[in-house]
Amino acid sequence: VCLLIYLSFAAALFIAKKPSGFGVLGVVVFLWFASDRFWKIALYLSPLIFMTAISSYLQRHGLEPDTRKYLAFENPLSGAAEIWKLTATSFYVIGRYLFLHFIPHPLVYYYGSFYVPDVTWANPFATASIVIHCAIGLWAFVEFRKKTIVGFGLLFYLINIAAYSNLVARAPGIMAERFTFAASLGFCIVLVAFVFRFLKEDPINFVWNGKRNDNLKKIKVILMVIVSLFAVRSFSRNFDWKNKEVLYGGDMEYLGKSVKANMLYGAEISRRAFAANFESRISDGKGGVRINKEKQIEAAGLFTEARIYYKKAAELAPYYHTAWSNLGTACFFVGETKEALANFFKAVSIKPDYAEGWFNIGIAYNSLSSMDAGRKLILEDSAIFAFKKSIRSDSTYVQSYEQLSKLIIQHNNDTGAPLSLLRVATKHSPSSEIPWNNMVAIYLQAKDTANSAAAMEQAAVLDPNNIQRLYILAQYFKSKGNDFKYSSYMTRATKEKRKLQEKQKKEERKLEND
């Protein structure tokens, strides 16, 4: 049975890509059975050694190395932290873990800097934690020498929780509930063993439906109460994970000082804002657009709300360029373009090669040019400069090619330079249809239907699911007498339309069932 338990746990660690846990398990198992015969020790260690070997091989040859550097708000200890801060914060973290094992509240989806502070030994919680864990360590040593199940559980807990204390290796977000998965097994072992010890009963003789006495009844009641309490907490927490909106919004009560949480919640609100903004523009069927005022007001309100969280993130981490950029985007969509521009410039001042930041600056300048006729040319020149700067920062950022090509046409009324620019974009970003779509528009404006159709065919290769495009190509080749291509595109369009209709029916049935 023990062999199967260890093998299963090793497999779980393997799936979770935590091969460091195999060595920990191996040491604990070896120490636990050290007085047994060699064949028995080998029997218990063999599955762990086998899984460790496989995992190590796959880690080296099948997976890319994890070279990501954590930002300061993800883990402030990722740099060259002072030893007293590192040790104090590490014990603060494992102290929080121990507390959550007994009282799992509050639980949040992300911890990170500010919510989990980097502390010194002047922090009473860190000081209390080291005292408690030294006492637990001493207790584990005494129990382990006696080869008790309590000693095994304590050592198992301490070794596994130490792996995520940030003392040996830095953990993303400083701490997370999932990091305690292995350690919680040791905690459960100790908790159950302690109940038996307290009531002076031997766990070996315990059978759930076996001989009944007062102590066994008490044990059953205690275990059922413990299981029920934690089950209720787990069940109630599940509702918080209904979707991102519920999870992020609900946990903000505790995560007001978390940069990551403010960014994620702001992004979720922005996603809904963009959706409402898109839905506010309704085609009138005549090539024009009708504005849905209700959706437009909803989008503005959501962008205003998102701005609150982005601003908080930028204040907490003024060195984080994405926070300033997202804040600028929220300002832009509520009509505060000048404030948006100031935030975009803060973003690129932090990260000068930030392609998206320069793109946003170009969009803001272009928007201002349409509102200020007297400075239109100057503002458009500034926009052109920003888009070029974006392309130099990242030659694959196709949105900047798109906007720059449109501005060049406006300035020079010439299609040659924009088309050359878009061809460059196709080389740097061959998987994007955006440059081809823009070439289609330029060729159509120049009344060059042959090249427009050729560009549209290239776009259809990259995005074969665009039904409208397929129908347009079918009609074009029909007008040119090319029956083969007409039939090919019409068949594809019909097939894609049928797939779309089937998908819509499935979604309707799902909504009806819900």
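Everything below is about the structure printed above this text.
Our subject in this report is the structure included herewith. Keep in mind that this is a model prediction, so the values were computed, not measured.

1. Considerations on the overall build of the protein
Argument step 1. The helix and strand tally for the protein stands at 21 helices and two strands.
Argument step 2. Counting over 514 residues, the protein shows a buried share of 41%.
Argument step 3. Considering only residue pairs separated by 6 or more positions, the protein has 60% of its internal contacts joining residues 24 or more positions apart.
Argument step 4. With an accessible surface of roughly 29,300 Å², the protein has 61% of that area assigned to carbon and sulfur atoms.

2. Digging into the packing of helix α18 (residues 434-445) against helix α19 (residues 449-462)
Argument step 1. One way to put it is that α18 packs onto α19 with a least axis distance of 8 Å and a crossing angle of 165 degrees. In terms of axis orientation, α18 runs roughly antiparallel to α19. Like other packed secondary-structure pairs, α18 and α19 cross with a definite hand, here left-handed. For the pair formed by α18 and α19, the contact residues are Trp-436, Asn-437, Met-439, Val-440, Tyr-443 and Leu-444 on the first element and Asn-451, Ser-452, Ala-455, Met-456, Gln-458, Ala-459 and Leu-462 on the second.

3. Focus on the packing of aromatic side chains
Argument step 1. Under the counting rule described, the total for this entry stands at 23 aromatic pairs.
Argument step 2. Put simply, the rings of Phe-274, Phe-303, Phe-332 and Phe-333 pair up and form one aromatic cluster.

4. Observations regarding the environment of Lys-388
Argument step 1. Structurally, Lys-388 can be placed in helix α15 (residues 376-393).
Argument step 2. Separated by 16 residues in sequence, Lys-388 and Leu-404 place their C-alpha atoms 7.5 Å apart.

5. Observations concerning the nonpolar core
Argument step 1. Counting residues in hydrophobic clusters, the biggest one holds 107 residues, and the most contacted among them are Tyr-111, Val-116, Val-259 and Ile-361.
Argument step 2. Ignoring anything within four residues of it in the chain, the contact list for Ile-361 reads Leu-341, Phe-344, Phe-345, Val-348 and Ala-386.
Argument step 3. One finds Val-195, Phe-206, Leu-216 and Leu-223 within the second-largest nonpolar core, a separate group that totals seven residues.

6. Focus: helix α14 (residues 355-369)
Argument step 1. In this model, α14 (15 residues) spans 21 Å end to end at C-alpha, consistent with the 21 Å of a helix rising 1.5 Å per residue.
Argument step 2. Listed as buried for α14 are Ala-355, Gly-357, Trp-358, Phe-359, Asn-360, Ile-361, Gly-362, Ala-364, Tyr-365, Ser-367, Leu-368 and Ser-369.

7. Observations regarding the pattern of salt bridges
Argument step 1. Under the defined criterion, the tally for this structure stands at 16 salt bridges.
Argument step 2. As a salt-bridge pair, Asp-240 and Arg-237 come within 3.0 Å of each other at their nearest N and O atoms. Pair noted here: Asp-240 and Arg-237 are both in helix α8 (residues 214-240), with a separation of three residues, about one helical turn.
Argument step 3. Under the relative-accessibility criterion, Arg-237 is labelled buried at 7%.
Argument step 4. In this structure, Lys-485 engages Glu-457 in a salt bridge whose closest nitrogen and oxygen atoms are separated by 3.1 Å. Pair noted here: Lys-485 is in helix α21 (residues 483-513) and Glu-457 is in helix α19, with a separation of 28 residues, a long-range link.
Argument step 5. Classification of Lys-485 by relative accessible area gives partly exposed; the value is 27%.
Argument step 6. By relative accessible area, Glu-457 is classed as buried at 16%.

8. Quick look at helix α12 (residues 321-332)
Argument step 1. Compared with the 16 Å implied by 1.5 Å per residue over twelve residues, the 17 Å span of α12 between its first and last C-alpha is a close match.
Argument step 2. Across the twelve residues that make up α12, a large majority, ten, are buried.
Argument step 3. Within α12, the full set of buried residues consists of His-321, Ala-323, Trp-324, Ser-325, Asn-326, Leu-327, Gly-328, Thr-329, Ala-330 and Cys-331.
Argument step 4. Lining the buried residues of α12 we find α10 (259-279), α11 (293-316), α13 (337-350) and α14.

9. Quick notes on the layout of surface pockets
Argument step 1. Taken as a whole, the second largest pocket spans an internal volume of roughly 570 Å³.
Argument step 2. Forming the walls of the second largest pocket are 21 residues, and the residues nearest its centre are Leu-100, His-101, Pro-104, Ser-184 and Phe-230.
Argument step 3. The set of elements that each furnish at least two residues to the lining of the second largest pocket consists of α4 (83-102), α7 (181-198) and α8.
Argument step 4. The dominant element in the lining of the second largest pocket, judged by the number of residues it contributes, is α8, at seven residues.

10. Points about the environment of Gly-153
Argument step 1. Among the structural elements, Gly-153 can be located in helix α6 (residues 149-162).
Argument step 2. Distance from Gly-153 to Val-192, taken between C-alpha atoms, is 10.0 Å for residues 39 residues apart in sequence.
Argument step 3. For Gly-153, the contacting residues outside a window of four places in its chain are Gly-186, Ile-189 and Val-190.

11. Observations concerning a nonpolar patch on the surface
Argument step 1. Taken together, the side chains of Phe-50, Ile-54, Tyr-57 and Leu-58 define a hydrophobic patch exposed on the protein surface, amounting to about 390 Å² of accessible area.
Argument step 2. Relative to the assigned elements, Leu-58 resides in helix α3 (residues 38-61).

12. Quick look at unusual backbone geometry
Argument step 1. A cis amide bond links His-105 to the next residue, Pro-106, at an omega of -5 degrees.
Argument step 2. Here Pro-106 shows up in the loop between α4 and α5 (124-145).
Argument step 3. A positive phi angle is found at Phe-114, which is not glycine, with a value near 80 degrees.
Argument step 4. Along the chain, the position of Phe-114 falls in the loop between α4 and α5.
Argument step 5. Judged by its relative accessible area of 37%, Phe-114 is partly exposed.
Argument step 6. Unlike most non-glycine residues, Lys-147 shows phi in positive territory, near 55 degrees.
Argument step 7. Using a relative accessible area of 34% as the deciding quantity, one classes Lys-147 as partly exposed.

13. Points about the side chain of Asn-343
Argument step 1. With respect to the helices, strands and loops of the structure, Asn-343 is situated in helix α13.
Argument step 2. A polar contact of 3.1 Å, which involves the side chain of Asn-343, links it to the backbone oxygen of Glu-339.

Conventions we followed
- Residues numbered from 1 in each chain as written.
- Predicted model: local features only at pLDDT ≥ 70, side-chain atom pairs only at ≥ 80, totals over all residues.
- Heavy atoms only, no water.
- Helix = DSSP H or I, 4+ residues; strand = E, 2+ residues; numbered from the N terminus.
- Buried < 20%, exposed > 50% of the residue type's maximum accessible area, 1.4 Å probe, protein only.
- Contact = heavy atoms within 4.5 Å.
- Areas by Shrake-Rupley, 256 points an atom, 1.4 Å probe, with all protein chains shown as cover.
- Axes fitted to C-alpha atoms, helices over the stretch in contact; angles between N-to-C directions.
- Parallel < 35°, antiparallel > 145°, perpendicular 65-115°, else oblique.
- Left-handed = near helix turned anticlockwise from the far one by under 90°.
- Phe/Tyr/Trp six-rings, centres within 6.5 Å; stacked < 30°, edge-to-face > 60°.
- Core = buried A, V, L, I, M, F, W, Y, C linked by side-chain atoms within 4.5 Å.
- Expected span 1.5 Å × (residues − 1).
- Salt bridge = Lys/Arg side-chain N within 4 Å of Asp/Glu carboxyl O.
- 1 Å grid on protein atoms, 1.4 Å probe; cavity = no way out; pocket = protein on both sides within 12 Å on 5 of 7 lines; lining within 4 Å.
- Points joined across faces, edges and corners; volume = space filled by probe spheres on them.
- Patch = residues over 30% accessible without salt bridge, like charges linked within 9 Å, V, L, I, M, F, W, Y side chains within 5 Å.
- Polar contact = N/O pair within 3.5 Å; in protein donor to acceptor, adjacent residues only side chain to side chain.

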